[in-house]
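# Results of the structural survey
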Amino acid sequence: MTVIGDYHIHTNFCPHGSNDLMEQYIKKALSLNLKEITFTEHAPLPVGFVDPTPNHDSAMSWNDLEEYIQTINHLKQLYQKKLKINLGFEVDYIEGYEKQTKAFLDQYGEHIDDAILSVHMLQTPNKEYVCIDYSREMFGNIIDTFGSVDSIYEKYYQTIEKAIQCNLGKYKPKRLGHLTLIEKFHLIYPAKNNYNEKMDEILMQIEAKHMELDLNSAGLFKEDCREIYPNISIINKAIKRNIPLVPGSDSHASNGLTKGFDQFPNTIPLSEPTYLD
Ligand SMILES: [Zn+2]
Ligand SMILES: [Zn+2]
């Protein structure tokens, strides 16, 4: 299996990541002989949405947006002979904030080459919001809020379906991020039910909408997960449906590029992204 790119990469514009500069990621990519990368910083959260994490550091600031775009465009020029650099975002799908998210994409979409749509935030039964991947402790609190692990899983997969179906305009990201992020703490907080049928429905919808999946190696290194997002059985179902699987390390530091890609079974056909036009 030859890996030509890493298509899920964070940057120093991320408040919960490292301070490694984009150029360090680029140099690392070149040292790995990559031909292409996509920077997918967490897009600024929708106007009016209050980040439920303790330090409110889930995403880049609106104030940094122009600089993020300019920096990548500058580096694209600088390295154009050596590396294809895509400007991207990891955009949150947040139930109830679709209008604001579409407004962001409508405004900035012309700058975007390639983007990911992810669900990290869930609306609770009392219409507040929680972040599902912040910490083991916080996940424990979310179980109390929802009443059971399975209620969280159900809400998560409902929210994923909304993300797939939602009209976010012509610049809607084509790729769904870490489809099974809800399993980040599954070794300590296992679900009782299985979600095979739900997953079949979701994959059918992804196929129908011509979307693709982030083949995300980060879960392999989470101590309560130890699996690729999505897990192997879902990967195999996606392959049968010809859903493109686009590799991403979800690196928040330059030395994380392509980390874990060597653990992808070599039966997985790796795809390049479908670029936004
Ligand atoms: Zn992050
Ligand atoms: Zn993410």
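Residues numbered from 1 in each chain as written. Chains lettered and ligands numbered in written order. Predicted model: local features only at pLDDT ≥ 70, side-chain atom pairs only at ≥ 80, totals over all residues. Heavy atoms only, no water.

Quick note on the threshold: UniProt positions are given in the numbering used here, feature names are shortened, and annotations may be inferred rather than shown by experiment.
Looking at an unreviewed UniProt entry, one finds the protein named Histidinol-phosphatase and attributed to Gracilibacillus marinus. In its Sequence similarities (unreviewed entry) section, UniProt records this for the protein: "Belongs to the PHP hydrolase family. HisK subfamily." Of the comments in the UniProt record for the protein, the one headed Pathway (unreviewed entry) reads "Amino-acid biosynthesis; L-histidine biosynthesis; L-histidine from 5-phospho-alpha-D-ribose 1-diphosphate: step 8/9."

## Examining the environment of L215
Note the cut-off: Going along the chain from the N terminus, every DSSP run of H or I of four or more residues is numbered as a helix, and every run of E of two or more is numbered as a strand. Contacts are assigned to residue pairs that have any heavy atoms within 4.5 Å of one another.
Examined against the element boundaries, L215 turns out to sit in strand β8 (residues 212-216). Considered as a pair, L215 and D6 are 209 residues apart in the sequence and their alpha carbons are 10.0 Å apart. Excluding anything up to four places from it in sequence, L215 contacts I228, Y229, I235, L245, V246, P247, G248, F264, I268 and L270.

## Some points on the sheet that holds strand β1 (residues 5-9)
Heads up, the rule is: Strand pairing follows a simple DSSP-based rule, namely that at least 2 bridges must link the two strands.
The strand order β1-β2-β3-β4-β7-β8-β9 describes an open sheet built from seven strands, whose pairing is parallel. The two strands at the open ends of the sheet, each matched to only one other strand, are β1 and β9 (245-248). Pairing of β1 with strand β2 (residues 36-42) involves three bridges; the strand directions are parallel. Opposite G5, over in β2, you have E36 as the bridge partner.

## As for the state of the cysteines
In protein structure, a disulfide is the covalent linkage between the sulfur atoms of two cysteines. Rules: Criterion for a disulfide: a pair of cysteine sulfur atoms within 2.5 Å. For every residue, the accessible area obtained with a 1.4 Å probe (protein chains only) is divided by the maximum for its type, and the residue is called buried under 20%, exposed over 50%, and partly exposed between those limits.
Within this structure, the stated rule accounts for zero disulfides. The thiol of C166 is not disulfide-bonded; the next cysteine sulfur, from C131, is found 19 Å away. Its relative accessible area of 12% is what places C166 among the buried residues.

## Focus: the layout of surface pockets
Condition: Space inside and on the surface of the protein is sampled on a 1 Å grid over the protein atoms alone, with a cavity defined as a set of points where a 1.4 Å probe fits but cannot get out and a pocket as an open set with protein on both sides within 12 Å along at least 5 of 7 lines; lining residues have an atom within 4 Å of a point. Grid points are joined across faces, edges and corners, and a volume is the space filled by probe spheres set on the points. Ten residue types, Ala, Val, Leu, Ile, Met, Phe, Trp, Tyr, Cys and Pro, are classed as nonpolar, four, Asp, Glu, Lys and Arg, as charged, and the remainder, Gly among them, as polar.
Size it by volume and the largest pocket reaches roughly 560 Å³. If you trace the largest pocket, you find 29 residues lining it, with H16, K184, K222, D250 and H252 closest to the centre. Each residue belonging to the lining of the largest pocket can be placed in one class, and the counts come to eight nonpolar, 13 polar and eight charged. Each pocket or cavity is described by its volume, and for the second largest pocket that value is around 180 Å³. Lining the second largest pocket we find 13 residues, and of these E183, N194, Y195, N196 and N231 sit closest to its centre.

## Details of the side chain of H186
Note on placement: H186 falls in the loop between β7 (175-176) and α6 (196-208). Given a relative accessible area of 18%, H186 falls into the buried group.

## Describing unusual backbone geometry
With an omega of -5°, the peptide bond running from Y229 to P230 counts as cis. Relative to the assigned elements, P230 resides in the loop between β8 and α7 (232-240). Here N33, not a glycine, exhibits a phi torsion of approximately 65°, which is positive. Counting through the fold element by element, N33 comes out in the loop between α1 (22-31) and β2. In this structure, H56 takes a positive phi of about 50° despite not being glycine.

## Side note on the coordination of the zinc ion (ligand 1)
A metal bound by six donors in octahedral fashion has ideal angles of 90 or 180 degrees, whereas one bound by four tetrahedral donors has an ideal angle of 109.5 degrees. The cut-off we apply is this: Note: metal donors comprise N, O and S atoms at 2.8 Å or less from the metal (3.2 Å for Na, K and Ca); water molecules are not included, so apparent gaps in a site are possible.
Looking at the zinc ion (ligand 1), the protein donor atoms are H16 (NE2), H42 (NE2) and H252 (NE2), and they sit 2.0 Å from it. All donors of the zinc ion (ligand 1) belong to a single chain; written as a sequence motif, their spacing is H-x25-H-x209-H. In this structure the zinc ion (ligand 2) is found 5.6 Å away from the zinc ion (ligand 1). Pair noted here: H16 is in the loop between β1 and α1 and H42 is in strand β2, with a separation of 26 residues, a long-range link. The class of H16 is partly exposed, set by a relative accessible area of 36%. Given the relative accessible area of 6%, H42 is considered buried.

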